[in-house]
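Descriptive structure summary
Residues per chain are reported as follows:
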Amino acid sequence: MKPSAESSRVSIDEKFMKMAIRLAARGTGFVSPNPLVGAVVVKDGTIVGKGYHERFGDPHAEVNALEKAGERARGGTLYVTLEPCNHYGKTPPCTEAILNAGIKRVVIGMMDPNPDVAGGGAKVLRERGVEVSCGILESKCKKQNEIFLKYVLKKVPFVVAKIAATLDGKTATATGDSKWITTEKSRNFGHRLRQQVSAILVGIETVLSDDPMLNVRLKNIKPSNPARFVFDFYGRTPLESNLVQTAKKIPTYLVVAENHETNKLNHLSDLGVKIWKIPGRNGFLDPRAFVKKLGEEGFDSLLVEGGSSVHGSFFDANLVDKFYFFYAPKVLGGKNSKPMIGGHGVMKMSDALKVKEVKLRRVGGDFLVTGYINVE
């Protein structure tokens, strides 16, 4: 039985939308807080132009693809992962470029969720005689832009927790030794996660024990380093630490208790460290207040890298959206070795956080478990 003309068209649409999704991924780490968007121009079954949103403030995916297509775009079909914009922002409306290029049909992966612009692009195109099809591979497009979706709708960052542990759930020995739990391949995966977010967070104990850089270190990739944050209630971060010494090169923030004031904070500021003051009690800072401030300051995503107390505070507050748990085939044991997640936890099994969309894969010699918590 031959496939119908409609099913054949859907198959073709999905083929080119998959290509647009792959193109969109190239903008990871460079377009925040804008969405990842890819576009493909097709004329008579042949690709005549491809593009993606490459960097915040630069031309959008549709414009890049149409420029590559030139006159060949006239009468063709544009595949784009997100509804084209119809408003002036950093760049002119993409609908204007589409109409000027003479595109006959536009295939959209997902509609723009922004309440201020949702549906506007598709509406204008239809009114001007362009055929518009929506919802092609919509779930894949939404998954790719899960950070953008949460931020544009709720104005708070998408929170990711990353933890490396042994099979018995330990992140360090009783003496604090943690190098290295996982393989180099897993650590490289962690650097790719850093590339995807706009902010990264650790606690003061991690700074004191590991003196981390918290930057992106990947081969053959020009890094896009996230802003670095330290939960440091009393302002104990050493002036000679790697974070402080590189604060003028990579945005670095010390998060302290709102009533804390010392001369050291002035010295840190002189070295380029930005100081944030948020509510705190008994040595612990309020993660909800922190996440709220992140959103207000334009950070659309946060990678929480530890340690145990910081992770515990975020899980206790139910702020984690997605997690990456790396398990190395090792066993530490010992009641005083460091657990993956500290905090208060729950008193009853029925109150445990419910995890969804759990996946297990091998990364080198390690096991990676991923899943979502705040899935609606």
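Reference entry: report on the structure contained in this document.

Calculation notes
Residues numbered from 1 in each chain as written. Predicted model: local features only at pLDDT ≥ 70, side-chain atom pairs only at ≥ 80, totals over all residues. Heavy atoms only, no water. Pairing = 2+ DSSP bridges. Helix = DSSP H or I, 4+ residues; strand = E, 2+ residues; numbered from the N terminus. Axes fitted to C-alpha atoms, helices over the stretch in contact; angles between N-to-C directions. Contact = heavy atoms within 4.5 Å. Salt bridge = Lys/Arg side-chain N within 4 Å of Asp/Glu carboxyl O. Buried < 20%, exposed > 50% of the residue type's maximum accessible area, 1.4 Å probe, protein only.

This part takes up the sheet that holds strand β6 (residues 158-166). Neighbouring strands of a sheet are bound in pairs by backbone hydrogen bonds; such pairs are parallel or else antiparallel. The strand order across the open sheet built from nine strands is β11-β10-β9-β8-β14-β6-β15-β18-β17, with neighbouring strands paired in mixed fashion. Unpaired on one side and paired on the other, β11 (274-278) and β17 (356-363) mark the two borders of the sheet. Looking at each pair of strands side by side, their axes are set apart by 20° on average, direction ignored. Across the sheet, helix α12 (residues 308-316) touches β6, β8 (199-203), β9 (227-231), β14 (301-306) and β15 (322-328), and the angle it forms with β14 is around 130°.

Turning to the pattern of salt bridges, a few remarks are in order. Enumeration according to the criterion identifies 14 salt bridges in this entry. Here R105 makes a salt bridge to E131, at a shortest N to O gap of 3.5 Å. Taken together, the positions of R105 in strand β4 (residues 105-110) and E131 in strand β5 (residues 131-134) put the pair 26 residues apart, joining distant regions of the chain. Residue K142 is joined to E138 by a salt bridge in which the shortest nitrogen-to-oxygen separation is 3.6 Å. Placement of the pair is K142 and E138 together in helix α5 (residues 138-144), with a separation of four residues, close to one helical turn. The class of K142 is partly exposed, set by a relative accessible area of 37%. With a relative accessible area of 33%, E138 lands in the partly exposed category. Connected through salt bridges with shared partners, the residues D13, R105 and E131 form a single ionic network.

A large share of helix α6 (residues 146-154) lies buried, amounting to seven of its nine residues. Among all positions in α6, only E146, I147, F148, L149, K150, Y151 and V152 are buried. Of the residues one or two after α6, K155 is the one with positive phi, at around 65°.

Interpretation in functional terms is not warranted from these geometric data alone.
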